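Per-entry structural report
One letter stands for each residue in the lines below.
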Amino acid sequence: MTTKNKVDHGLLLIVVGLAAWAVPGGGHFIIKERKRAIIIFVTVTLTFLAGLYVGSIAVIDRVGAKPWYAAQIMASPAVGLIGNIVEVSVDEAGNRKYVSYGRGHDVGQIYTSIAGMLNLLCIISAVYMTWCGRGEMIGAEEDDT
Amino acid sequence: MTPDMGAILGAFTVPIDIPTDPMSTLWMFPLLLSISIVYKATKMRVLFARRFAKEVAVLFGTISVFMVFLGVVLILLVKLLTE
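All values reported here derive from a predicted model rather than from experimental measurement.

Time to look at the interface of chain A and chain B. With 32 residues of chain A at the interface, the matching set in chain B holds 24 residues. Interface area for chain A against chain B, summed over the two sides, is near 2500 Å², with a carbon-plus-sulfur share of 71%. Contact with chain B buries area across many residues of chain A, yet Y53, R103 and Y111 of chain A alone supply 23% of it, more than any other trio. Linking chain A with chain B are zero salt bridges. Taken together, the links from chain A to chain B amount to nine residue pairs in polar contact (both at pLDDT 80 or more). Here the residues of the side of chain A that touches chain B sort into 21 nonpolar, seven polar and four charged.

Structure, rendered in structure tokens:
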């Protein structure tokens, strides 16, 4: 492999990793693993949205629940935006506008965090497939059919 | 924003009420299904619909049975220690 190719391959790994983080399944989509990409996108997104529905958007708490937030942010950078909305939304008394409590909070936090961890697995998988060149081979086969 | 859209978005601002009873443990099963699907989607070398569905079902069943088994063991342990 020439130096230029090595640089290109390194850049591709970074692009695939970032795409996989930005949109669940995005990394696999870039390397033409489209079936995989759709399955990952639907599953991770539904799991994350189910968590938000059950526990409300207040389960994204980057101040009071940092370890959970670290897992949740792996689902997408958009989680940071939700965390920001939750943090800055306060009423006149300075209390948070969006709150989460009870068993719904626990279930929501677990769902969103697991969705983030699953996406981390997918990021690693997409980068590894790119590194091995597996995506190119299998992706090409998928294109032919 | 339409009223329907507002109602949908509004549903994400308040947590739903889940009672603290044994039935609430059923919430783990959709999560186990998600884990099984994503794990198999990353693990299988080539995705064939039938084989994929079969492998997901087997993994989901295995994890579910183990979790139920673990639950029973923990209940028995608690009973043993507290009664």
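That shown, we press on.
This part takes up a nonpolar patch on the surface. Where nonpolar side chains cluster on the molecular surface, the patch consists of F66, M67, F69, L70, V73, L74, L77, L80 and L81 of chain B and spans about 890 Å² of accessible area. Mapped onto the secondary structure, L74 of chain B falls in helix 3 (residues 49-82).

Attention shifts here to the environment of V46 of chain B. Residues and elements named next belong to chain B. With respect to the helices and strands, the residue V46 is situated in the loop between helix 2 (28-43) and helix 3. V46 gets classed as partly exposed once you look at its relative accessible area, which sits at 30%. Separated by 19 residues in the primary sequence, V46 and W27 place their C-alpha atoms 31 Å from one another.

Another aspect to go through is the nonpolar core. Counting 26 residues, the largest nonpolar core has F48, L52, I57, I60, V79 and I82 of chain A together with F52 of chain B as the members making the most contacts within it. Those elements that place two or more of their residues in this core are helix 3 (34-55), helix 5 (78-88) and helix 6 (102-132) of chain A together with helix 2 and helix 3 of chain B. In terms of residue count, the dominant contributor to this core is helix 3 of chain A (four residues). Residues in contact with I57 of chain A, not counting those within four places in the same chain, are L52, I82, V86 and Y98 of chain A together with F12 of chain B. Within the second largest apolar cluster, six residues are counted, among which are V16, A20, I31 and A126 of chain A.

Cut-off values and rules
Residues numbered from 1 in each chain as written. Chains lettered and ligands numbered in written order. Predicted model: local features only at pLDDT ≥ 70, side-chain atom pairs only at ≥ 80, totals over all residues. Heavy atoms only, no water. Contact = heavy atoms within 4.5 Å. Buried area = accessible area lost by both parts, 1.4 Å probe. Salt bridge = Lys/Arg side-chain N within 4 Å of Asp/Glu carboxyl O. Polar contact = N/O pair within 3.5 Å; in protein donor to acceptor, adjacent residues only side chain to side chain. Nonpolar A, V, L, I, M, F, W, Y, C, P; charged D, E, K, R; others polar. Patch = residues over 30% accessible without salt bridge, like charges linked within 9 Å, V, L, I, M, F, W, Y side chains within 5 Å. Areas by Shrake-Rupley, 256 points an atom, 1.4 Å probe, with all protein chains shown as cover. Helix = DSSP H or I, 4+ residues; strand = E, 2+ residues; numbered from the N terminus. Buried < 20%, exposed > 50% of the residue type's maximum accessible area, 1.4 Å probe, protein only. Core = buried A, V, L, I, M, F, W, Y, C linked by side-chain atoms within 4.5 Å.

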